[in-house]
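Coordinates in review
The lines below spell out each chain.
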Amino acid sequence: MFTQAIVKTPCKSMVNGITQAGLGTPDYELALVQHKAYIKALETCGLKVTILAPDDNFPDSTFIEDACLITPRCAILTRPGANSRRKEPFHISKAIHKLDLPVETIRSPGTIDAGDIMMVGDHYYIGLSDRTSTNGAEQMIEILNKYGLTGSTIELKTMLHLKTGISYLENNTLLAFGEFLQKKELQKFNILRVDDNESYAANSVWINDIVIVPDGFSRTAEMISKKKYEIIAVDVSEFRKLDGGLSCLSLRF
Ligand code: CIR
């Protein structure tokens, strides 16, 4: 059960964000409209949403999920793998320190994007990716252990982040695509297999038995809804142009 979320309004410089998508430059005004609809969806799921101001110094900073992991027992400011994003955690730390939780920090030389971290109860799966190093993952696991939580790593081959290709929908159910379908450490879950042509929808978000899915991926939405979840579809086309998905746009706790 989540009660809160933190989001960060997209900044004008988002048009200079990192991307491999090849889908063109995002339309800033449309991104703002979509971001508002995303906030509304979080509120519909029952969350109180804190909205942080945009920061033009960090084009990718609206993808706030990468800058911090918030667990029920502590918050951990990350050290993002991309140079242009390295200082994002520092710039949200004031908001994180306002939460009633101890705050920890990942230190050099480790790097970790929290988009590489998937929570399953008290256990946290950490993707080793171009952004998340073994040292970053080890530091994270050590911090989790300190608070009675556990972590383990999963090697990524092609995806940007772990949650680009999988989402945990609670009830032992995993939405998954591509390289993750065969991972032996994930076989204990009931896997909902996302079609190749709907791969973007593998990044969906469970919040209090509602699943927010990206708009335009009807087969995935239907597959999830057959499992008795309520669905909210949100159009995030402008964030997709920067390789960002639904989960990247918020911290949920
Ligand atoms: C980046 O490459 O860092 C951003 N353009 C997209 C980050 C997406 N975040 C995520 O998947 N957790």
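Our focus in this paragraph is the overall build of the protein. Within the protein, the secondary structure is distributed over six helices and 15 strands. Per-residue burial over the protein gives 58% buried out of 253 residues. Taking as baseline every contact in the protein between residues at least 6 positions apart, the subset at least 24 positions apart corresponds to 68%. When the accessible surface of the protein is totalled, it reaches about 11,300 Å², and 49% of it is carbon and sulfur. Computed over 28 positive and 31 negative side-chain charges, the separation of the two mean positions in the protein equals 2 Å.

Here the focus is the site of the ligand. What surrounds the ligand is a group of 13 residues, the closest being Ile18, Arg85, Arg131, Leu242 and Cys248. Backbone polar atom of Ile18 to a nitrogen atom of the ligand: 2.8 Å apart, as the coordinates give it. Between the ligand and Arg131, the relevant distance is 2.8 Å, taken from an oxygen atom to a side-chain nitrogen or oxygen of the residue. When isolated, the ligand has an accessible area of 340 Å², and the protein chains bury 99% of it.

Glancing now at the sheet that holds strand β15 (residues 251–252). Pairing in this open sheet of three strands is mixed, and the strands run β2-β1-β15 from one edge to the other. The open sheet has two edge strands, β2 (48–52) and β15, and neither has a second partner. Across two bridges, the pairing between strand β1 (residues 4–8) and β15 is antiparallel. Counterpart to Ile6 in the pairing with β15 is Leu251. Across the face of the sheet, helix α1 (residues 28–44) comes into contact with β1, β2 and β15 while running at roughly 175° to β1.

Now for the sheet that holds strand β12 (residues 205–207). In sheet architecture, strand pairing relies on hydrogen bonds along the backbone and comes in two forms, parallel and antiparallel. With mixed pairing, three strands are arranged side by side in an open sheet as β12-β13-β14. Each edge of the open sheet is held by one strand with a lone partner, namely β12 and β14 (230–234). Neighbour-to-neighbour, the strand axes of this sheet turn through a mean angle of 25°, independent of strand direction. Relative to β14, strand β13 (residues 210–214) runs parallel, the two being bridged by five bridges.

The full count for this structure, using the stated rule, is five aromatic pairs. When the centroid spacing of 6.3 Å and the interplanar angle of 90° are considered together, the rings of Phe63 and Phe239 count as edge-to-face. You can see Phe63 sitting in the loop between β2 and β3 (68–70) and its partner Phe239 sitting in helix α6 (residues 237–240), a full 176 residues away along the chain. When sorted by exposure, Phe63 lands in the same class as Phe239, which is buried. Over the ring of Tyr200 we find Arg240; its NZ or CZ atom is 4.7 Å from the centre of that ring.

Another point: the pattern of salt bridges. Evaluation of the coordinates by the stated rule reveals 10 salt bridges. Among the ionic pairs, Glu65 bridges to Lys163, the shortest N-O distance being 2.6 Å. Linking Glu65 in the loop between β2 and β3 with Lys163 in helix α4 (residues 162–165), this pair joins segments that are 98 residues apart in sequence. Taking relative accessible area as the criterion, Lys163 reaches 13% and is therefore assigned buried. Ionic contacts of the salt-bridge type, sharing partners, join the residues Glu65, Lys163 and Arg252 into one network.

For helix α3 (residues 134–146), built from 13 residues, the straight-helix expectation of 18 Å at 1.5 Å per residue is met to within 8% by its first-to-last C-alpha distance of 18 Å. When α3 is considered as a whole, its buried residues turn out to be Gly136, Ala137, Gln139, Met140, Ile141, Ile143 and Leu144. In this structure, the buried side of α3 is in contact with β3, β4 (75–77), β5 (103–105), β6 (117–120), β7 (123–128) and β8 (150–155). Directly beyond the C-terminal end of α3, a positive phi value near 75° is found at Gly148.

On to the environment of Ile117, then. Mapping Ile117 onto the fold places it in strand β6. Classification of Ile117 by relative accessible area gives buried; the value is 2%. Between the C-alpha atoms of Ile117 and His161, which are 44 residues apart in sequence, the distance is 8.4 Å. In contact with Ile117, other than residues within four places in its own chain, are Leu69, Ile112, Tyr124, Tyr125, Ile126, Met140, Leu162 and Lys163.

Quick notes on the rules
- Residues numbered from 1 in each chain as written.
- Predicted model: local features only at pLDDT ≥ 70, side-chain atom pairs only at ≥ 80, totals over all residues.
- Heavy atoms only, no water.
- Helix = DSSP H or I, 4+ residues; strand = E, 2+ residues; numbered from the N terminus.
- Buried < 20%, exposed > 50% of the residue type's maximum accessible area, 1.4 Å probe, protein only.
- Contact = heavy atoms within 4.5 Å.
- Areas by Shrake-Rupley, 256 points an atom, 1.4 Å probe, with all protein chains shown as cover.
- Lys, Arg positive; Asp, Glu negative; His and termini not counted.
- Charge placed at Lys NZ, Arg CZ, Asp CG, Glu CD.
- Near = heavy atom within 4 Å.
- Polar contact = N/O pair within 3.5 Å; in protein donor to acceptor, adjacent residues only side chain to side chain.
- Pairing = 2+ DSSP bridges.
- Axes fitted to C-alpha atoms, helices over the stretch in contact; angles between N-to-C directions.
- Phe/Tyr/Trp six-rings, centres within 6.5 Å; stacked < 30°, edge-to-face > 60°.
- Lys NZ or Arg CZ within 6 Å of the ring centre and 35° of its normal.
- Salt bridge = Lys/Arg side-chain N within 4 Å of Asp/Glu carboxyl O.
- Expected span 1.5 Å × (residues − 1).

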